[in-house]
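Remarks on the overall topology
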Amino acid sequence: MSRLDSFIRRMTSQKILMEHLVDRVNEVEGPILELGLGNGRTYDHLREIYPNKEIFVFDFTMDCHPSCAPDAEHMILGDIRDTLAFCGPRVGAKASFAHIDIGSADPTNDLAIVHWLAPLIDKRMAVGGIVMSALELDLANFEALEKPEGIHPGRYHVYRKTCEA
Ligand SMILES: C[S@@+](CC[C@H](N)C(=O)[O-])C[C@H]1O[C@@H](n2cnc3c(N)ncnc32)[C@H](O)[C@@H]1O
């Protein structure tokens, strides 16, 4: 498969999944966490489909299209390994939804990321909250959710928190 086809498949899956989860996410109180602002494409879509939710965005830097820039209060700058651990006072309530888009495309580095990320994301999620991740996460107190048609197997992972660890 060409890289163009792979990119289109990834973007299509992101959109289908995000929209599929809206009703379930809206059943849960709490803000949304967007891990990886990048150029702001998925953040822009999240704020469109969740006009009722506060969205906190994490990245090393703010380097997005100007039309997709979060305001200063909602842009959390720095290494997510640090900022996710210490964002509680700023974010407040635990999250109803987290979209994780920080894969490195290097399998060894991805293994290192999921090792530190899984416990941090667990701490920031509300019971009932949903995590959508391009990286497979080991989350003992979450259940894997069924994905709608059109999502290539292994492309995305969707987890729902069932209880506190
Ligand atoms: C694939 S891009 C995100 C794309 C974005 N969701 C979009 O739709 O435009 C990944 C982003 O994650 C950020 N990132 C990766 N690892 C990070 C880390 N440990 N801390 C902070 N940001 C990180 C990178 O700087 C990059 O901007």
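Below is a summary of the structure that appears in this document. Nothing here was measured: the structure is a model prediction, and the numbers come from that model. (Residues numbered from 1 in each chain as written. Predicted model: local features only at pLDDT ≥ 70, side-chain atom pairs only at ≥ 80, totals over all residues. Heavy atoms only, no water.)

1. Thoughts on the nonpolar core
To be explicit about the condition: By nonpolar core we mean a set of buried residues, namely Ala, Val, Leu, Ile, Met, Phe, Trp, Tyr and Cys, connected to one another through side-chain atoms within 4.5 Å. Remark: exposure states derive from per-residue accessible area (1.4 Å probe, protein chains only) relative to the maximum for the residue type, with buried under 20%, exposed over 50%, and partly exposed in between. Strands here are runs of E lasting at least two residues and helices are runs of H or I lasting at least four, both read from the DSSP assignment and numbered beginning at the N terminus. Here, residues are in contact when the closest pair of their heavy atoms is within 4.5 Å.
Leu35, Leu84, Ile121 and Leu137 are the most contacted members of the largest nonpolar core, which has 27 residues in total. When residues of this core are traced back to their parent elements, those giving at least two are strand E1 (32-35), strand E2 (55-59), helix H4 (80-86), strand E4 (95-100), helix H6 (107-124) and strand E5 (125-133). Excluding anything up to four places from it in sequence, leucine 84 contacts Leu33, Leu35, Phe58, Leu117, Leu120, Ile121 and Arg124. Within the second largest apolar cluster, 23 residues are counted, among which are Leu17, Ile32, Leu37 and Tyr156.

2. A word on the sheet that holds E1
Filter applied, for reference: Between any two strands, at least two bridges found by DSSP are needed for them to pair. Angular values range over 0 to 180 degrees, each being the angle between N-to-C directions of two axes fitted as lines to C-alpha atoms, with helices fitted over their stretch in contact.
What the seven strands build is an open sheet, ordered E3-E2-E1-E4-E5-E7-E6; its pairing is mixed. Looking at the sheet topology across the chains shown, the edges are occupied by strand E3 (75-77) and strand E6 (142-144). Averaged over all neighbouring strand pairs, the angle between strand axes comes to 20 degrees, with direction disregarded. Taken together, the four bridges between E5 and strand E7 (residues 157-161) define a ladder with antiparallel strand orientation. Paired with serine 133 across the two strands is histidine 157, which belongs to E7. Sitting on the sheet, helix H1 (residues 3-20) is in contact with E4, E5 and E7, with an inclination near 160 degrees to E5.

3. Describing the site of the ligand
Applicable threshold: One heavy atom suffices: a residue is near a molecule or strand as soon as one of its heavy atoms comes within 4 Å of it. Side-chain atoms alone can form a polar contact between residues adjacent in sequence; in general such a contact is a pair of N or O atoms within 3.5 Å, and within protein one must be able to donate a hydrogen while the other accepts it. Surface accessibility follows the Shrake-Rupley procedure with a 1.4 Å probe radius. Residue values consider only the protein chains on display as shielding. Throughout, the ten residues Ala, Val, Leu, Ile, Met, Phe, Trp, Tyr, Cys and Pro are labelled nonpolar, Asp, Glu, Lys and Arg are labelled charged, and all others, Gly among them, are labelled polar.
The environment of the ligand is made up of 16 residues, and the closest members are Thr42, Asp59, Asp79, Ile80 and Asp101. Contact distances for the ligand include 3.4 Å between an oxygen atom and a backbone N or O atom of leucine 37. Across the complex, the protein chains shield 78% of the 590 Å² of accessible surface that the ligand would expose by itself. For the shell around the ligand, the class distribution of residues is five nonpolar, six polar and five charged.

4. Here we look at the pattern of salt bridges
To be explicit about the condition: Salt bridge criterion: a side-chain nitrogen from Lys or Arg within 4 Å of a carboxyl oxygen from Asp or Glu.
A full pass over the atoms with the stated rule returns seven salt bridges. One salt bridge connects aspartate 122 with lysine 161, and the closest N-O pair in it is separated by 3.0 Å. Highlighted residues: aspartate 122 in helix H6 and lysine 161 in strand E7, separated in sequence by 39 residues. Taking the relative accessible area as the measure of exposure, aspartate 122 reaches 12% and is therefore buried.

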